[in-house]
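Now for the letters of each chain:
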Amino acid sequence: MSEIKLIREDGRRLDGRLPEELRPIKIEVGVLKRADGSCYFELGRNKVVAAVYGPRELHPRHAQDARRAAVRFRYNMAPFSVEERRRPGPDRRSVEISKVSREALEPVIIAEYYPRAAIDIFVEILESDAGTRTAGINAASVALADAGIPMKGLVSAVAVGKVDGQIVLDLMSEEDQYGEMDMPVAMVTRTNTITLLQMDGRVTMEEFDRALDLAIAGCRRIYELQRKALIEKYSESRAEEGGV
Ligand code: ADP
């Protein structure tokens, strides 16, 4: 158990949430004009932007794949996104997060339609409060759809964990820091496929099952919000064009 009390007497967490509650979410589609697709995603105090460029010709040419497009993902934390200013540039953590985020999204992208091309995904963390990799994956998934990239489904992601002996959804910073377990999960809700599962900490098998169920329920709720944001954007632009 942690030194700091993370669950109050009334069963609520430090920010007043119940164990199975998500932080407030805000999604805006198409926030960047120059990108082919983009999305702004807020998850509590996390603020992230995803930009998608492509499919476009991949350079250098010797790196092209004649059978499919290459999917590239860069996760970056702005120096001002954390409490103490962070040294700019890539580090071990951002290289790892970029890799697992790409792997979380690749299974839904129909890359075979675009041989020799590149699909570039950039995620910038403007403000962070734990859960940035999951916020980045959610934003990137919407940005890919906004770019018109053919996909088998949207990917939704959320972290679950164990704090003060309880399994909770969507860890904030204090819970991530002082909790007993942190497990980010990404899934394709339409096909029930998990595309990312990482775990830091120790739990029993029963706790793991409960945590996974909670993560799946959280992903389903996020999926509905992603879908709604995309539908709203596209019904708006159709109305502007004078269409249906
Ligand atoms: P995630 O953001 O996906 O939960 P981590 O568990 O690695 O990934 O990080 C948890 C939180 O710790 C981040 O959201 C951020 O608020 C903070 N953090 C991560 N890296 C740094 C850093 N280099 N400096 C300060 N804070 C950081």
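About the cut-offs
Residues numbered from 1 in each chain as written. Predicted model: local features only at pLDDT ≥ 70, side-chain atom pairs only at ≥ 80, totals over all residues. Heavy atoms only, no water. Helix = DSSP H or I, 4+ residues; strand = E, 2+ residues; numbered from the N terminus. Rg over C-alpha atoms; globule rule 2.2 N^0.38 Å. Buried < 20%, exposed > 50% of the residue type's maximum accessible area, 1.4 Å probe, protein only. Contact = heavy atoms within 4.5 Å. Areas by Shrake-Rupley, 256 points an atom, 1.4 Å probe, with all protein chains shown as cover. Lys, Arg positive; Asp, Glu negative; His and termini not counted. Charge placed at Lys NZ, Arg CZ, Asp CG, Glu CD. 1 Å grid on protein atoms, 1.4 Å probe; cavity = no way out; pocket = protein on both sides within 12 Å on 5 of 7 lines; lining within 4 Å. Points joined across faces, edges and corners; volume = space filled by probe spheres on them. Near = heavy atom within 4 Å. Polar contact = N/O pair within 3.5 Å; in protein donor to acceptor, adjacent residues only side chain to side chain. Sits in = over half its atoms within 2 Å of the grid points. Nonpolar A, V, L, I, M, F, W, Y, C, P; charged D, E, K, R; others polar. Axes fitted to C-alpha atoms, helices over the stretch in contact; angles between N-to-C directions. Left-handed = near helix turned anticlockwise from the far one by under 90°.

Colleague: I would appreciate a short explanation of the overall build of the protein in the present structure.
Modeller: Helices and strands together make up the secondary structure of the protein, namely four helices and 10 strands. Reading the protein from its N terminus to its C terminus gives the helix and strand order β-β-β-β-α-β-α-β-β-α-β-β-β-α. Whereas a compact globule of 244 residues would reach a radius of gyration of roughly 18 Å, the protein reaches 18 Å, a difference of no more than 12%. Summarising its shape, the C-alpha atoms of the protein cover approximately 55 × 45 × 35 Å along the three principal directions. Taking all 244 residues of the protein together, the buried fraction comes to 50%. Residue pairs in contact within the protein that sit at least 24 positions apart in sequence constitute 67% of those at least 6 positions apart. As displayed, the protein offers around 12600 Å² of accessible surface, 50% of which is attributable to carbon and sulfur atoms. Taken as two groups, the 37 positive and 40 negative side-chain charges of the protein have centres that lie 6 Å from each other.

Colleague: Explanation requested: the layout of surface pockets in the structure shown.
Modeller: Any empty space left between the atoms is revealed when a probe the size of a water molecule rolls over them. By volume, the largest pocket amounts to about 780 Å³. Along the walls of the largest pocket sit 30 residues, with Asp129, Ala130, Gly131, Ser173 and Asp176 positioned nearest its centre. Mapped onto the lining of the largest pocket, the elements with two or more residues apiece are α1 (92-105), α2 (132-146), α3 (173-178) and β8 (181-188). Looking at the lining of the largest pocket, the element that brings in the most residues is α3, giving five residues.

Colleague: Help me understand the site of the ligand in this model?
Modeller: All residues in the neighbourhood of the ligand are listed as Met77, Val82, Arg86, Arg93, Ser128, Asp129, Ala130, Gly131, Thr132, Arg133, Asp176 and Asp182. One nitrogen or oxygen atom from the side chain of Arg93 is found 2.7 Å from an oxygen atom belonging to the ligand. With respect to the ligand, the side chain of Arg133 contributes an N or O atom lying 2.8 Å from an oxygen atom. Surface burial for the ligand is 70%, taken as the share of its 530 Å² of free accessible area covered by protein chains. In this structure, the ligand is accommodated by the largest pocket. The class makeup of the residues in the shell around the ligand is three nonpolar, three polar and six charged.

Colleague: Explain the packing of α2 against helix α4 (residues 205-240) to me, please; I cannot follow it from the model alone.
Modeller: Two packed helices can be described by the angle between their axes and the distance between those axes. At their nearest, the axes of α2 and α4 sit 11 Å apart, and the two run at 30° to each other. The crossing of α2 and α4 is right-handed. Residues Asn138, Ser141, Val142, Ala145 and Asp146 of α2 pack against Ile222, Gln226, Leu230, Lys233 and Tyr234 of α4. Of the residues that constitute the contact of α2 with α4, the class distribution is five nonpolar, three polar and two charged.

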